[in-house]
Amino acid sequence: MAPPAEITIPTTSLHTPTPTDKSKPYTLYNITLRLPLRTYVVQKRYSEFAALHTALTALVGGPPPAPLPAKSWFKSTASSPELTEDRRRGLEAYLRAIAESPDRRWRDTPVWRTFLNLPGLGSASNSAASVRGGGYGIPNRDAANAAAAQDPGTWLDLHGEMKRDFQEARRCLARRDAATENSVALEAGSAAKKALVKAAGLLSVLRDGLKSMESARRLGDGEIRRRKDLLAAARVDREDLEKLSSTISATAKALGKGAPSAVDKAALIGSAASKSRGRVLGAPLPETEQTRELDNQGVAVLQRQMMQDQDEDVEALTKIIRRQREMAEAIHREVDEQTAMLDHVNNQVDVLTGKTNVAKKRVKDIS
């Protein structure tokens, strides 16, 4: 029998409604589940806990082993940090009591497994394929990963998941290069690009989470530097794998079955496109090797990643220019000081010349 999932609620998040959303702010509880093969975060609000409690009591015929924290009618967790912390501890104890109880009736219900986004009892819940497939259908995965990246423990779990995505991309690229059929090579190349897009999203989330932990002083300076080095190495791996994924495999080149070139596309379309001259407003941009096999979400993630990389490059360039300006100002001050010293020397030379002339005149008078 598989060991029970380790459930904690280390942090909470405040959901702020958008201008189009007229709901009030509410608190999301970041439920962290540690399974034998992976760790992930599920975000739930208090009303969902209350619905779970009602459903479990109706299905089993009795309440769970721990009571659900009572609802407060006079305070809101959105404005009371003390109430948020008390409810967080109470909800964590509530979930752990169900998960660790010898009585399995509550956690064997479909309601419990749906609440935690666990697979059904009849499926391969802990298979490696289900893990590599991207989890258990977690809704709003980006928000859940962002919450997980702000915890020191789950940050490392997300980093491990990103490394597994890199390994999956390498395996797919190796399978692409060894393929003897063009369809197999294209399928492997598409899988590699999907793994790289997922890894790029995790890399962005990990970078933002590390900045949040650094500003909140949740880790020491040495650990912050170590994790920054991990992210720098991951960024190099991503760039190398993207370059590899953008190339056509050697087998496909030998067979002449690679992706069609721009010349082939132009010949296929005909000369009608060449008749139009000038710039066409609103015309779609041509596909690149990086975006050819991505869907809209993948292109959006790639665009955000490229923008973040450009922002980092601009920031690094700004630091270099600022340093050069400081050096130029220091050189300017040094030149001014040297000029003042030379002026002083010139003045002293003039004074000494005058004294020498007076002395010569007196010697001449004496003689």
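Definitions and cut-offs
- Residues numbered from 1 in each chain as written.
- Predicted model: local features only at pLDDT ≥ 70, side-chain atom pairs only at ≥ 80, totals over all residues.
- Heavy atoms only, no water.
- Helix = DSSP H or I, 4+ residues; strand = E, 2+ residues; numbered from the N terminus.
- Buried < 20%, exposed > 50% of the residue type's maximum accessible area, 1.4 Å probe, protein only.
- Contact = heavy atoms within 4.5 Å.
- Axes fitted to C-alpha atoms, helices over the stretch in contact; angles between N-to-C directions.
- Parallel < 35°, antiparallel > 145°, perpendicular 65-115°, else oblique.
- Left-handed = near helix turned anticlockwise from the far one by under 90°.
- Nonpolar A, V, L, I, M, F, W, Y, C, P; charged D, E, K, R; others polar.
- Phe/Tyr/Trp six-rings, centres within 6.5 Å; stacked < 30°, edge-to-face > 60°.
- Expected span 1.5 Å × (residues − 1).
- Arc of directions from axis to C-beta.
- Polar contact = N/O pair within 3.5 Å; in protein donor to acceptor, adjacent residues only side chain to side chain.
- Core = buried A, V, L, I, M, F, W, Y, C linked by side-chain atoms within 4.5 Å.
- Pairing = 2+ DSSP bridges.

It is worth spelling out the overall build of the chain at this point. Secondary structure summary: the chain contains 12 helices and 3 strands in total. A burial count over the chain gives 33% of its 367 residues as buried. For the chain, long-range pairs separated by at least 24 residues make up 64% of all intrachain contacts whose partners lie at least 6 apart in sequence.

This part takes up the packing of helix α6 (residues 152-178) against helix α8 (residues 221-246). Two elements in contact, α6 and α8, have axes separated by 11 Å at closest approach and are oriented at 20 degrees. It follows that α6 is roughly parallel to α8 by the angle criterion. In this structure, the crossing between α6 and α8 has a hand that is left-handed. Side by side, α6 and α8 meet where P152, W155, L156, H159, M162, F166, A169, R170, L173 and R176 of the first sit next to R226, R227, L230, L231, A234, D237, R238, L241, L244 and S245 of the second. Classifying every residue of the contact of α6 with α8 gives 12 nonpolar, 2 polar and 6 charged.

Put simply, α6 and helix α7 (residues 182-215) touch, their axes get as near as 8 Å, and they point 160 degrees apart. Judged on the interaxial angle alone, α7 and α6 are roughly antiparallel. Here α6 and α7 pass one another in a crossing that is left-handed. Looking at the contact of α6 with α7 residue by residue, the classes come out as 20 nonpolar, 3 polar and 6 charged.

Quick look at the packing of aromatic side chains now. Enumeration over the complete set of coordinates arrives at 2 aromatic pairs. Each ring, one from Y29 and one from F49, has its centre 6.2 Å from the other, and the planes form 90 degrees; the classification is edge-to-face. Of this pair, Y29 sits in strand β2 (residues 26-34) while F49 sits in helix α1 (residues 46-60), and the two are 20 residues apart along the sequence. Each member of the pair, Y29 together with F49, is buried. Aromatic pair F49 and F115: ring centres 5.2 Å apart, planes at 70 degrees, arrangement edge-to-face. Of this pair, F49 sits in helix α1 while F115 is found in helix α3 (residues 110-115), placing the two residues 66 residues apart along the sequence. The pair formed by F49 and F115 is uniform in burial state, with each residue classed as buried.

Given 3.6 residues per helical turn, the α-helix brings residues three or four places apart onto the same face. For α1, which comprises 15 residues, the first-to-last C-alpha distance of 21 Å matches the rise-based estimate of 21 Å (1.5 Å per residue) to within 8%. Every buried residue of α1 is accounted for by Y46, F49, L52, H53, L56 and V60. Looking straight down α1, one finds that the buried residues subtend no more than 110 degrees of arc, so they occupy a single side. More than 90 degrees from the buried face of α1, the exposed residues found are T54, A58 and L59. Contact partners of the buried residues in α1: β1 (6-15), β2, β3 (39-44), α2 (81-100) and α3. G61, located one to two residues past α1, shows a positive phi value of around 90 degrees.

Residue position: T11 is located in strand β1. Reaching out from T11, the side chain makes a polar contact with the side chain of N30 at a distance of 2.9 Å. Discounting residues that sit within four places of it in the chain, T11 has contacts with Y29, N30, R88, A147 and R218.

This part is about α8. Compared with an ideal rise of 1.5 Å per residue, which puts 26 residues at 38 Å, α8 spans 37 Å between its outermost C-alpha atoms and is within 8% of the ideal. The inward-facing, buried residues of α8 abut α6, α7 and α12 (296-366).

A separate point is the nonpolar core. W155, M162 and F166 are the most contacted members of the largest nonpolar core, which totals 27 residues. Where this core is concerned, the elements lending two or more residues are α5 (141-148), α6, α7 and α8. No other element matches α7, which puts 10 residues into this core. Excluding residues that lie within four positions of it along the chain, F166 makes contacts with L196, A199, A234, D237, R238 and L241.

So, about the pairing of β2. With respect to burial, β2 is a largely interior element, 8 of its 9 residues being buried. Looking at chain direction, β1 and β2 are connected through 8 bridges and run antiparallel. Residue pairing across strands places T8 opposite T32, the latter belonging to β2. Bridge count between β2 and β3: 6 bridges; the pairing is antiparallel. Looking at the pairing, Y29 lines up with K44 of β3. Two successive antiparallel strands, β2 and β3, enclose a turn made up of 4 residues.

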